[in-house]
Amino acid sequence: MHCEPFEYEKPVSLREFESLYAAKGEDAKILAGGTDLMVLIKEKLLAPRLLIDISDLHELQGISFDSRQGLTIMAGTKIAEIERSALVKEHAPALAYAAANLGSNQVRWMATMAGNICHASPAAETPPVLLAHDCELIIGKQGGERTLPISRFFLSYRKTALEPGEYLKAFRLPPLPERSAVAYRFKGLRRAMEIDMLNIGAYLELSEEGQSVSDIRLAMGSVGPTTYRATATEQRLKGMQIDDEFFATACGGVVQEASPIDDVRASAEYRNRVIGVLTRRALEECLEIIASRGNKA
Amino acid sequence: MSKHDFDVIGKDQKRKDGPKKVKGEHEFADDIQFPMMLHGRIKRSDIAHARIISIDTSKAEALAGVKAVLIGSETPIKYGIVPQMPTEYALAHQKVRFYGEPVAAVAAVDPETAERALDLIEIEYEALPVYTTPEQALAEGAVKIHEDNKFPGNIAYEADQNFGDVDEAFKNSHYVLEKVFKTSYVNHVFMEPHCAVSKFDTNGELFIWSTTQIPHYLHTHLAKVLQMDMNKIHVKVTGVGGGFGGKGEVSNNELISALLARKAGRPVKVLYSRKDVFLQHRGRHPIEMRVKVGVDKEGMITGIDYNGTMDGGSYGGWGLVILFYTAAMLHLPYNVRNVRFYARRIYTNKPTCGAMRGLGGVQPRFALESLLDQIAIDIGMSPYELKKKNAIGLSHETVSGQVVRHSEFRKCLDQAVANSGYLEKHGKLPFGKGIGLAGGYYISGTAYTLYMAYKPHSSAMIRVDNESGVTVYCGATDIGQGSDTVLGMMAAEKFGLPFESIHVVSGDTSLAPFDLGTFASRVTVAAGSAVCKAADNVLEKLKPVAAIQLGVSTDQLEARQGKIYSVFEKSKEIDFWKVVEKYIDAHGPLTATGNYTPPRRTGNFKGANIGHSPTYGFSAQCTEVDIDIETGEVRVIRVTEAGDCGQPINPVSVEGQVEGSIVMGMGQALFEELKVGKDGRLLNPSLHDYKVPTATDIPELKTTFVDSYDPDSPFGAKEAGEGPIQPVIPAIFNAVYDAIGVRFTEMPITPEKVLRALDEKKKQEGMQS
């Protein structure tokens with residue numbers, strides 16, 4: 001398939017990359033895995049003048065953990081590495097699970113989580129989990145960086161808060177408090193290689209006595225122009241006892257806050273109906289994880 | 001099976017092409033390169049129905065690197081797989097009839113240049129109304145999609161058949177049930193896209209390498225469209241990465257590559273993208289069927305009334321043949337004496353439907369197996385009992401005159417039911433879980449060629465010598481189903497040699513003698529018979545030589561385990577190759593041919609030639625589903641299959657066919673559907689959006705053979721490639737009924753439809769209570 005010609009650069013240091021991107025950022029696209037980008041270029045939906053390949057930048061690779069800052073995942077890390085990482089499995093198992101359900105094995109060895117986030121598709125797999133974790137994004141630009149909570153990253157359909165010259169450098173997932181858990185649920189037509197009809201990331205933190213909600217985050221995908229949190233519902237749920245009413249409020253709330261459309265994958269009616277089911281299942285899973293941790297301790 | 005003592009037949013045989021495919025060594029059409037070879041690309045219409053006013057190719061021709069540009073008026077010769085009713089052109093001529101129809105083609109030094117040139121071709125259209133459903137195409141005043149079509153309006157073909165007295169049968173029935181069923185618009189999704197490379201030599205002879213099921217029909221089409229003598233054309237089938245019927249028609253890329261090669265004077269490759277494959281299509285016909293079945297008090301079928309409207313898409317293709325197959329497939333595997341059939345195939349502005357695994361059978365099977373299931377439940381009988389009672393016996397003649405010489409269908413029902421625990425489960429599983437039973441059958445070949453001819457349908461030549469060993473030449477085409485292995489195994493068994501020592505040369509019109517091609521599950525029986533006869537004829541020549549050497553009479557000799565020996569005195573033996581050497585020393589080259597023509601049967605009604613087959617394969621399946629009643633997801637968890645394919649020649653290949661059939665059928669039942677916009681555009685022509693099952697969706701598969709041997713077939717074998725897909729879809733639908741009490745009649749069963757149906761059911765139950 002032919003596409004418009006573009007130039008290709010492959011910087012070998014972060015400094016080289018940053019100065020190149022600062023100079024030519026407006027006409028350039030960052031090439032990490034290319035699993036989305038190359039498809040868009042071939043379909044002639046994008047025609048960048050320059051592709052900057054960051055796959056050699058070791059500064060953007062790796063996964064680390066410390067008890068104060070939590071889990072740090074550098075932007076160039078492949079989805080497959082996130083899926084397999086012992087650190088991710090321990091500190092963010094729902095993220096490992098979401099990563100394992102992204103595309104095919106071949107795609108996972110090419111794609112990066114930064115790409116999954118920056119393309120800002122409302123159906124993407126990792127944003128609901130990262131929103132549930134209330135992940136912090138470290139955003140770089142030449143000679144500096146800033147941090148931004150992921151809840152302020154997605155502006156509208158495929159639009160992000162990245163300014164010209166800025167790039168996504170790392171994800172930081174704060175350590176999970178005791179009596180808390182994150183779960184991810186999704187629904188596609190088939191069981192793999194899917195663009196989800198729906199997905200949800202849920203974070204649940206129980207109070208000390210373990211009977212009521214001290215904090216909760218519900219992040220929904222494919223029910224609006226971006227992945228976003230059902231913040232009004234979250235507010236209502238805080239402080240509630242874990243009982244039937246809690247589940248009813250959660251499931252009813254997400255349906256109210258969802259604003260899905262009909263598309264080739266599912267109808268709005270179906271999405272409205274099943275988002276509540278996935279929410280309940282995700283919250284039940286959170287409770288199970290918390291209970292099983294409590295038993296172990 | 002054990003009755004027959006074979007050394008090679010019936011034993012799992014690794015294919016010679018297997019390791020080569022794994023290592024990337026097997027040569028497919030896209031692997032072929034020639035010096036100076038050009039790449040052809042196709043300009044497709046961006047309108048579904050229009051007259052072509054003008055085409056300006058001047059800018060494309062001026063682009064550096066472009067060597068030839070071709071448009072439809074340069075090749076205004078109509079062709080079609082059914083030669084009596086040609087409807088297609090290599091490139092649209094005067095009119096386009098679907099969105100994405102080939103209108104012009106470019107050959108250039110590389111694919112990128114060719115694609116850039118396509119953008120420079122300017123086409124002016126005069127738009128016509130677009131019909132994407134039979135209903136629209138049949139509306140009063142609708143424009144004719146084919147102006148020269150002999151049938152009224154957009155009816156491509158129309159036929160009826162009537163056997164017995166259906167009205168009388170229904171009048172005397174204990175119970176009659178009628179429902180409307182709708183099947184979906186699905187594609188084969190073979191792994192390898194179409195690709196063809198054409199090359200003219202200096203003497204003007206054409207060599208074409210293509211991934212096709214039908215080298216012979218490609219040969220005839222090329223002669224017609226290029227107006228060349230057939231003996232100047234050499235068709236060579238490369239490795240074929242699946243066909244399933246989709247490569248059972250000549251594809252535009254094959255003709256275009258040859259036309260471009262002639263015009264440019266250089267070899268031209270035309271490789272399709274996946275989107276091109278969806279536009280070439282030839283997938284399963286969506287059919288809306290109103291079907292009525294009656295039974296007596298005992299559950300015996302009294303009559304079937306069928307009224308079907310097939311959505312044919314824009315061209316003829318295999319359409320009318322499939323229409324008559326649909327008629328033929330109403331009878332078996334049950335004994336039915338009163339049948340009425342009416343069907344019409346409608347032209348619409350969509351990619352053309354055609355032959356797809358189990359053609360003609362899958363849609364009526366879906367309707368009939370669903371209805372029989374419901375009827376049994378409604379009259380308080382087990383669906384197994386009802387189907388067993390009506391199942392045909394060891395041999396049968398249908399009311400339409402098809403002769404089944406051998407059937408073990410009843411054994412299939414018994415074995416699938418016993419192995420799955422159907423009787424213990426059906427009607428007794430918790431809400432959301434269910435089991436369904438369905439039976440099916442398919443032809444093992446056809447009685448007639450597509451054009452009137454009396455030549456044998458299959459022929460083979462075997463050459464034996466001490467230098468090259470045994471070489472079997474046969475025009476049959478291995479499209480991945482493993483026919484080269486099966487034919488080689490048959491020759492090995494005949495000669496008493498190991499399979500590894502047999503070479504099979506197939507799919508080459510210059511080297512191998514004539515064969516019709518790979519379709520209608522014909523190859524094992526037809527080409528197999530030809531190979532067996534050729535082998536017998538070789539042995540006829542060898543045995544007298546061995547007889548003299550051994551001093552015994554010819555008729556007591558047998559060839560086994562590398563020897564020719566007396567069956568009465570095994571010590572009187574001689575090495576096979578020694579006999580070959582002595583034969584050649586005395587007589588010269590050792591070759592022999594064999595051929596096969598199926599028994600010809602017909603009747604005194606329209607379409608009577610279609611449906612006859614030398615023999616038939618049967619199968620039954622019990623399928624278990626688990627439904628998530630909150631999300632509507634239907635999960636097929638286990639399929640228990642029992643098949644009558646006669647004697648399996650290569651059992652591991654048969655298992656592959658059965659498992660592949662189940663997964664393919666399941667895709668159509670649950671996921672797959674080509675979606676079409678109002679303007680006729682395909683909305684999901686990619687494997688991203690068109691959902692075939694993945695490895696994670698595949699259920700537990702328990703496939704078994706029933707004890708079976710067709711004494712009139714080569715080594716007792718029958719088909720296994722298309723029969724096993726017949727029961728898949730209705731077995732799933734019947735299981736869904738068992739799970740949630742909803743009788744779906746439309747494919748696919750998506751989660752949305754399940755939730756909606758459950759709502760509806762709740763509402764109705766609420767009204768009743």
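Residues numbered from 1 in each chain as written. Chains lettered and ligands numbered in written order. Predicted model: local features only at pLDDT ≥ 70, side-chain atom pairs only at ≥ 80, totals over all residues. Heavy atoms only, no water.

Moving on to the overall build of chain A. If you tally the helices and strands in chain A, you get eleven helices and 14 strands. When the backbone C-alpha atoms are referred to their principal axes, chain A occupies close to 60 × 45 × 30 Å. Burial statistics for chain A: of 297 residues in total, 53% are counted as buried. A separation threshold of at least 6 residues defines the contact pool for chain A, and within that pool the share at least 24 residues apart is 62%. For chain A, the accessible area works out to roughly 13,200 Å², and carbon and sulfur atoms hold 50% of it. (Helix = DSSP H or I, 4+ residues; strand = E, 2+ residues; numbered from the N terminus. Buried < 20%, exposed > 50% of the residue type's maximum accessible area, 1.4 Å probe, protein only. Contact = heavy atoms within 4.5 Å. Areas by Shrake-Rupley, 256 points an atom, 1.4 Å probe, with all protein chains shown as cover.)

For the rest of this paragraph, the subject is the domain arrangement of chain A. Per the domain assignment, the segments of chain A are domain 1 (7–52), domain 2 (62–173) and domain 3 (197–296). Taken over C-alpha atoms, the centre of domain 1 of chain A sits 37 Å from the centre of domain 3 of chain A. (Domains from an automatic or database assignment.)

With 13 residues, helix H18 (residues 728–740) of chain B extends 19 Å between its outermost C-alpha atoms, agreeing within 8% with the 18 Å of an ideal straight helix rising 1.5 Å per residue. Phi turns positive, to about 70 degrees, at Gly741 of chain B, one or two residues after H18 of chain B. (Expected span 1.5 Å × (residues − 1).)

Attention now moves to the sheet that holds strand E4 (residues 63–66) of chain A. Residue and element names in this part refer to chain A. Spatially, five strands are ordered E4-E5-E10-E6-E7 in an open sheet, and the strand pairing comes out antiparallel. The open sheet has two free edges, formed respectively by E4 and strand E7 (144–149), since each of these has just one partner strand. Ignoring strand direction, the axes of neighbouring strands in this sheet form an average angle of 25 degrees. Judged from the four bridges that link them, strand E5 (residues 70–74) and strand E10 (residues 167–173) form a sheet pairing that is antiparallel. Paired with Leu71 across the bridge in E10 is Leu173. Where helix H1 (residues 14–24) meets the sheet, it contacts strand E6 (136–141) and E10, and its direction lies at approximately 125 degrees from that of E10. (Pairing = 2+ DSSP bridges. Axes fitted to C-alpha atoms, helices over the stretch in contact; angles between N-to-C directions.)

Here the focus is the packing of aromatic side chains. Residue and element names in this part refer to chain B. Counted by the stated rule, this structure contains 26 aromatic pairs over all chains. Ring plane angle 75 degrees and centroid distance 5.3 Å describe the contact between Phe181 and Phe366, whose orientation is recorded as edge-to-face. Taken together, the residues Phe181 in strand E8 (residues 175–182) and Phe366 in helix H10 (residues 362–378) connect sequence positions 185 residues apart. Overall, Phe366 belongs to the buried group, its relative accessible area being 0%. Put simply, the rings of Tyr334, Phe409, Tyr441, Tyr616 and Phe618 touch in pairs and so form one group of aromatic residues. Its end group placed over the ring of Tyr272, Arg44 keeps NZ or CZ at 5.4 Å from the ring centre. Above the face of the Phe514 ring, Lys455 is positioned so that its terminal group lies 4.4 Å from the ring centre. (Phe/Tyr/Trp six-rings, centres within 6.5 Å; stacked < 30°, edge-to-face > 60°. Lys NZ or Arg CZ within 6 Å of the ring centre and 35° of its normal.)

Another aspect to go through is the pairing of strand E10 (residues 206–210) of chain B. All names here are of chain B. Summarising burial for E10: four of the five residues are buried, a large majority. Pairing analysis gives five bridges linking strand E9 (residues 195–200) to E10, with the strands arranged antiparallel. Residue pairing for E10: Val197 is matched across the bridge by Trp209. The loop that links E9 with its antiparallel partner E10 comprises five residues; one of these, Gly204, has a positive phi angle of about 85 degrees. Pairing of E10 with strand E11 (residues 233–237), which is carried by five bridges, proceeds in the parallel orientation. Bridge pairing links Leu206 to Ile233 in E11. Crossover handedness for the path E10 to helix H6 (residues 215–225) to E11: right-handed. (Right-handed = clockwise from strand over helix to strand, strands pointing away.)

With that settled, consider the interface of chain B and chain A. Each side of the interface is counted separately: chain B has 25 residues, and chain A has 22 residues. In this assembly, chain B packs against chain A so that about 2,300 Å² is buried in total across both faces, 50% of it on carbon and sulfur atoms. Interface area lost by chain B to chain A is led by Glu630, Lys691 and Glu752 of chain B, which between them contribute 24%. Inspection of the region where chain B meets chain A yields eight salt bridges. Lys44 of chain A is the salt-bridge partner of Asp119 of chain B, the closest N and O atoms lying 3.6 Å from each other. Linking chain B with chain A are eleven residue pairs in polar contact (both at pLDDT 80 or more). It is helix H19 (residues 751–768) of chain B that contributes the most residues to the side of chain B that touches chain A, five residues altogether. Per-class residue counts for the side of chain B that touches chain A are seven nonpolar, four polar and 14 charged. (Buried area = accessible area lost by both parts, 1.4 Å probe. Salt bridge = Lys/Arg side-chain N within 4 Å of Asp/Glu carboxyl O. Polar contact = N/O pair within 3.5 Å; in protein donor to acceptor, adjacent residues only side chain to side chain. Nonpolar A, V, L, I, M, F, W, Y, C, P; charged D, E, K, R; others polar.)

Here we come to helix H7 (residues 252–264) of chain B. All names here are of chain B. Between its first and last C-alpha atoms H7 spans 18 Å; for 13 residues at 1.5 Å apiece the expected length is 18 Å, and the two agree. All buried positions along H7 are accounted for by Asn252, Asn253, Glu254, Leu255, Ile256, Ser257, Ala258, Leu259, Leu260, Ala261 and Ala264. Within two residues after H7, Gly265 carries a phi angle of roughly 70 degrees, on the positive side.

Turning our eyes to something else, we now look at the domain arrangement of chain B. All names here are of chain B. Here the domain parsing of chain B yields domain 1 (29–130 + 208–240 + 247–270), domain 2 (287–447 + 604–768) and domain 3 (456–596). Centre-to-centre, using C-alpha coordinates, domain 1 lies 41 Å away from domain 3. Between domain 1 and domain 3, the contact holds 13 residues from the first and 15 residues from the second. Surface buried jointly by domain 1 and domain 3 totals about 1,100 Å² across both partners, of which 52% is contributed by carbon and sulfur atoms. When the area that domain 1 buries against domain 3 is broken down by residue, the three leading residues are Gln213, His216 and Val240, summing to 42%. Across the domain 1-domain 3 interface, the total number found is one salt bridge. Asp508 serves as the salt-bridge partner of Lys236, at 3.1 Å between the closest nitrogen and oxygen. Linking domain 1 to domain 3 there are five residue pairs in polar contact (both at pLDDT 80 or more). Looking at the side of domain 1 that touches domain 3 element by element, the count peaks at five residues for E11.

All names here are of chain B. Across the eleven residues of strand E27 (residues 634–644), eight count as buried, placing the element largely inside the fold. Bridge count between strand E26 (residues 616–627) and E27: ten bridges; the pairing is antiparallel. Counted as the bridge partner of Ile627 is Val634 from E27. Hairpin connection of E26 to E27: six residues between the antiparallel strands, including Gly632 at a positive phi of 85 degrees. Bridge analysis of E27 against strand E28 (residues 700–705) gives six bridges, and the strand direction is parallel. For Arg638, the partnering residue across the bridge sits in E28 and is Glu700.

Another aspect to go through is the packing of H10 of chain B against H18 of chain B. Residue and element names in this part refer to chain B. For the pair H10 and H18, the least separation of the axes is 8 Å and the interaxial angle reads 30 degrees. Between H10 and H18, the angle falls in the class roughly parallel. The element H10 and its partner H18 pack so that their crossing is right-handed. Every residue of H18 that contacts H10 at Val362, Arg365, Phe366, Glu369, Ser370, Asp373, Gln374 and Ile377 is listed here: Ile729, Pro730, Phe733, Asn734 and Tyr737. In terms of residue class, the contact of H10 with H18 is made up of seven nonpolar, three polar and three charged. (Parallel < 35°, antiparallel > 145°, perpendicular 65-115°, else oblique. Left-handed = near helix turned anticlockwise from the far one by under 90°.)

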